[in-house]
Structure formats: structure tokens, C-alpha cells
2 protein chains.
Amino acid sequence: MDGRFNLDNQLCFRLYTASRLITQSYHPFLAEFGLTYPQYLVLLVLWEKDEQPVNDIAKRLMLETNTVTPLLKRMETEGILTRSKGKKDARQMIVTLTKKGCTLKEELLHVPEAVGSAVLCESLTPERVPELFAMLDGLIGQLKENQSNP
Amino acid sequence: MDGRFNLDNQLCFRLYTASRLITQSYHPFLAEFGLTYPQYLVLLVLWEKDEQPVNDIAKRLMLETNTVTPLLKRMETEGILTRSKGKKDARQMIVTLTKKGCTLKEELLHVPEAVGSAVLCESLTPERVPELFAMLDGLIGQLKENQSNP
DNA sequence: TATATTTGCATCGTGAACGATATAAATGAC
DNA sequence: GTCATTTATATCGTTCACGATGCAAATATA
């Protein structure tokens, strides 16, 4: 019984659970505006810089276009953004926020803080958040590197 | 521009990405045996203790039964486990590993180490893994507590 | 300038997640 | 014992993720 299969020794299970639970904690705030968490992520990207091709959005979120395309289509149906063929490069689809998409930024202003403060506890104090960020960034970078070098 | 919406300041996005990427890194090892990562998690639970009702498995994985039931059905179809009505309580479905399900434990013995070593880097050394575990456990505990106290 | 390759996006199929809802068995109240 | 409530699981619909594949526009090569 060397415990290597024990769920409590698994980093991946912790990340999987933490990710699910924190995403769930966004739900009440986002559902109010008919948004899902991945859709909120797309908004974060576009609020940062509007009028981006699908590929840039996908790269920023580290997702594939086959995940992002249907997501964007649903958001287009909701009137949050528009998709139009690129003029320089006709293969590209340029994604642009509508007025509704821009307005959501104002309406969701309080969300990051509300969710952020809800996760803090004695094991995860504000001072330790940068450590957590650094470790997760290291892990993400390492995994990205591994998948580039097969 | 207070950056509260900046993707790089978001804990949730980091967890979401880290979870996806590390799950992906399990894929080559599990696909060889026709398994998905959530199915692997079910196996971890059952290898720990066989013959559990659906609810116990769901609780251990912090998932709802409406997620776990279809997962178990697919695994039953694959011949990895069986589901049978509980004798004491006819509402319960007791999940039991088949010989194939037990054998997989031997065949996957090297997986935890292989994936584990692939994520280590200078920001995430073996000595710092316990810190990461503690922070994630704190976060998970906090979020579980929040959803109990509405 | 033909042709080959790459790039950007989309389509398809499968398997999770999860909110909402349903059903049957067990338990509790009276 | 009868009826209400709770519990254990399942069903349904929607939205991701993602591997595999397709297609057309752009670019590189001959």
C-alpha cells in the first residue's frame, strides 16, 4: 500500500476540484446576465483588446479554436459580439463586442472582488496568493513546454 | 485601468488552465486503456475501497450523482465495473470492480509518477508541493463551506 | 505561374459537468 | 397503518473540452 493512487496525494484531482468549485462560485453572478464562465473569459479577453481574430482569443485562453468557435457563435446569438470576415486575411474571423458586450463590463465590475474574497482563508491568505500564482504559472508553463516538445 | 479584469490577475483562470493542461497530460497514458481522466478518478476511489454506492463515490469526488451515474454506466459498458441494487437499501446502486477493473491497477502503476514528474519545474519543486497542496485544500474547503452556508 | 504546404476556422462525435426535474424506496409523523 | 418527507439515483437539456477531420485562403516552393 504505497498510496501512490490515493486521491489525497493527487495534485491533478486538487486542481480539477478547485477549478470546478471556483467556477461554480462565479455562477450566481454570471447567470444573472445569462453568461457562463468560459463566456466570461472571452469577455475578459475582448475587454482587454477588442476586434481580435478567433485564433488570438483561443491562444490567450490556451484553448483550441474548435472549442472557441461554438462559444463565440452562442455569444453572437446572445447579441454580445459580432463575427465578421477579416479584410486583410479572408480566413480570419474578427470578433467585435457589441454595445451590450461593452456594457457588461460595467455591470460585472464587482464580480472579481466578490469571488476573490470568497476563497480566502487561513491556508490561503492574501499575502500567499502571489506564491500560489507563481506555482501555478510554473506548472502551466512546464506543461505547455512538454506538449510543444513531444 | 485598474486591471481587476486582467486575465493575468485571475486565480480562477489559472486553476482552470492548470486543471485542463494536467488532465491532458494524463491522456496518452489513459487512452491506451480506453479511459478518460474522470473514469480514472472513479477507479482511484474503487481501488481504495471496492463495492461502494454511487453516492459515496460522488461525495469522494465532490461531484453530483447526475455526473457520476452516466460515467459509471459507460464504465459498466466497457466491462470495468458492475452496478447492482443494494440488498439492505434497494435505492442504492452498489458499484463493484470487475476483474478487468482490478487488473487496470497493475497496468497503471507507473502513471502517477510519470505525470507527477512532468509537472515539476523551478517554480514548483518537490519541496514546495506540500505548500501548494495546503493552499488548494484551504481553497477547496473554503468553497465547500461557502456553498453549504448560502 | 503552377503546385505544394501551411494557416485559420469550422464541423462532427464523444464524454463530461451541472441545473432542473422525476421516480421509487426508505423513513418519520400522526 | 396512512400520509408526508427525505434520500438515492436517474433522466433531460445545454454548454463546454477536445480529438479527428474538412475546407478554403494564404504562403512557400519549384
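As the structure is a prediction and not an experimental result, all values here were calculated from the model.

Caption draft 1: Inspection of the interface of chain A and chain B at higher detail. Taken residue by residue, the interface counts 60 residues in chain A and 60 residues in chain B. Here chain A and chain B share an interface that buries about 6,100 Å² over both sides, 70% of which is from carbon and sulfur atoms. Where chain A touches chain B, the interface holds 4 salt bridges. Taking the shortest distance from any N to any O, the salt bridge between Arg60 of chain B and Asp8 of chain A comes out at 3.3 Å. Counting every contact that joins chain A to chain B gives 19 residue pairs in polar contact (both at pLDDT 80 or more). Broken down by secondary-structure element, the contributors of at least two residues to the side of chain A that touches chain B are α1 (11-31), α2 (37-48), α3 (54-61), α6 (111-119) and α7 (129-148) of chain A. Among the residues forming the side of chain A that touches chain B, the class breakdown is 36 nonpolar, 13 polar and 11 charged.

Caption draft 2: Structural detail: the protein's contact with DNA strand C. Surrounding DNA strand C, one finds 27 residues, the nearest of these being Arg20, Thr69, Lys73 and Arg83 of chain A together with Arg74 of chain B. Considering the 4 Å shell around the protein, atoms of DNA strand C inside it are sugar or phosphate in 71% of instances. One of the side-chain N or O atoms of Tyr16 of chain A is found 2.6 Å from a phosphate oxygen in DNA strand C. At 3.4 Å from a base nitrogen of DNA strand C is found a side-chain nitrogen or oxygen belonging to Arg91 of chain B. Considering only residue class, the surface near DNA strand C consists of 8 nonpolar, 11 polar and 8 charged.

Caption draft 3: Expanded view of the pattern of salt bridges. All chains considered together, the criterion is met by 12 salt bridges over all chains. Measuring nitrogen to oxygen at the nearest pair gives 3.9 Å for the salt bridge that ties Glu131 of chain A to Arg128 of chain A. The class for Glu131 of chain A is partly exposed, based on a relative accessible area of 27%. The partly exposed category is assigned to Arg128 of chain A, whose relative accessible area is 25%. Through salt bridges that share partners, Asp8 of chain A together with Glu48 and Arg60 of chain B make up one connected network.

Caption draft 4: Structural detail: the domain arrangement of chain A. Residues and elements named next belong to chain A. The domains assigned to chain A are domain 1 (3-119) and domain 2 (121-150). The gap between the C-alpha centroids of domain 1 and domain 2 is 20 Å. Tallying the contact residues gives 4 residues for domain 1 and 6 residues for domain 2. Together domain 1 and domain 2 conceal approximately 360 Å² of surface at their shared face, both sides included; 80% is due to carbon and sulfur atoms. Contact with domain 2 buries area across many residues of domain 1, yet Leu15, Met62 and Val119 alone supply 89% of it, more than any other trio. Connecting domain 1 to domain 2 are 0 salt bridges. Viewed at the interface, domain 2 and domain 1 are joined by 0 residue pairs in polar contact (both at pLDDT 80 or more). Residues of the side of domain 1 that touches domain 2, tallied by class, amount to 4 nonpolar, no polar and no charged.

Caption draft 5: Highlighting the side chain of Ser25 of chain A. Within the secondary structure layout, Ser25 of chain A lies in helix α1. Engagement of the side chain of Ser25 of chain A in a polar contact is seen with the backbone oxygen of Ile22 of chain A, the distance being 2.6 Å. In this structure, Ser25 of chain A is in contact with Val115 of chain A together with Leu143 of chain B, ignoring residues within four places of it in sequence.

Caption draft 6: Inspection of the relation of the copies chain A and chain B at higher detail. When chain A is fitted onto chain B, the two copies agree to an RMSD of 0.0 Å after a turn of 180 degrees and an axial shift of 0.0 Å. The transformation relating the two chain copies, once decomposed into turn and shift, fits a two-fold axis. Looking at the interface residues of chain A, 100% of them are also at the interface in chain B, so both copies use one shared face.

Caption draft 7: Region of the structure containing the sheet that holds strand β1 (residues 52-53) of chain B. Residues and elements named next belong to chain B. Spatial ordering of the open sheet is given by β1-β3-β2, a layout of 3 strands whose pairing is antiparallel. Only two strands of the sheet have a single neighbouring strand rather than two, namely β1 and β2 (81-85). Sheet topology places β1 next to strand β3 (residues 93-97); 2 bridges connect them, and they run antiparallel. Bridged to Pro53 within β3 is Ile94. Its contacts with the sheet place helix α4 (residues 65-77) against β2 and β3, and it is angled at close to 120 degrees to β2.

Caption draft 8: Region of the structure containing the protein's contact with DNA strand D. Near DNA strand D, the surroundings consist of 26 residues, among which Tyr16, Arg20, Asn55, Lys73 and Arg83 of chain B are the closest. Atoms of DNA strand D within 4 Å of the protein: sugar and phosphate make up 71%, bases the balance. Measuring from a phosphate oxygen of DNA strand D, one finds a backbone N or O atom of Ala90 of chain A at 3.0 Å. A distance of 2.8 Å separates a base oxygen of DNA strand D from a polar atom in the side chain of Arg91 of chain B. For the surface near DNA strand D, the elements supplying multiple residues, two or more each, are α2 and α4 (65-77) of chain A together with α1 (11-31), α3 (54-61) and α4 of chain B. Among the residues forming the surface near DNA strand D, the class breakdown is 7 nonpolar, 11 polar and 8 charged.

Criteria and cut-off values
- Within each chain, residues carry numbers counting from 1 in the order of the written sequence.
- Here the convention is simple: chains get letters from A, ligands get numbers from 1, in the order in which they are written.
- Selection of residues for local features in this predicted model requires a pLDDT of at least 70, selection of side-chain atom pairs for listing and counting requires 80 or more, and totals for whole chains, interfaces and linings are taken over all residues.
- Just so you know, side-chain values use all the structure's heavy atoms and leave hydrogens and water out.
- Any two residues whose heavy atoms approach within 4.5 Å at even a single point are treated as in contact.
- When two components associate, each loses some accessible surface as probed by a 1.4 Å sphere; the sum of these losses over both components is called the buried area.
- The salt bridge definition used is simple: a Lys or Arg side-chain nitrogen within 4 Å of an Asp or Glu carboxyl oxygen.
- Under this definition, polar contacts are N or O atom pairs within 3.5 Å; protein pairs additionally need one hydrogen-donor-capable and one acceptor-capable atom, and for neighbouring residues in sequence, both atoms have to be side-chain atoms.
- Runs of E in the DSSP output that reach at least two residues are strands. Runs of H or I that reach at least four are helices, and both are numbered from the N terminus.
- Residue classes follow a fixed rule: Ala, Val, Leu, Ile, Met, Phe, Trp, Tyr, Cys and Pro count as nonpolar, while Asp, Glu, Lys and Arg count as charged, and any other residue, Gly among them, counts as polar.
- Summary of the distance rule: residues count as near a molecule or strand when at least one heavy atom falls within 4 Å of that molecule or strand.
- Working definition: with a 1.4 Å probe on protein chains only, accessible area under 20% of the residue-type maximum means buried, over 50% means exposed, and in between means partly exposed.
- All the domain ranges listed were derived from an automatic or database domain assignment.
- When the copies are superposed, the least-squares fit takes in the C-alpha atoms of residues with a pLDDT of at least 70 in both.
- A pair of strands is considered paired only if DSSP assigns at least 2 bridges between the two.
- Between N-to-C directions, angles cover 0 to 180 degrees, with each direction set by a line fitted to C-alpha atoms, over the stretch in contact for helices.

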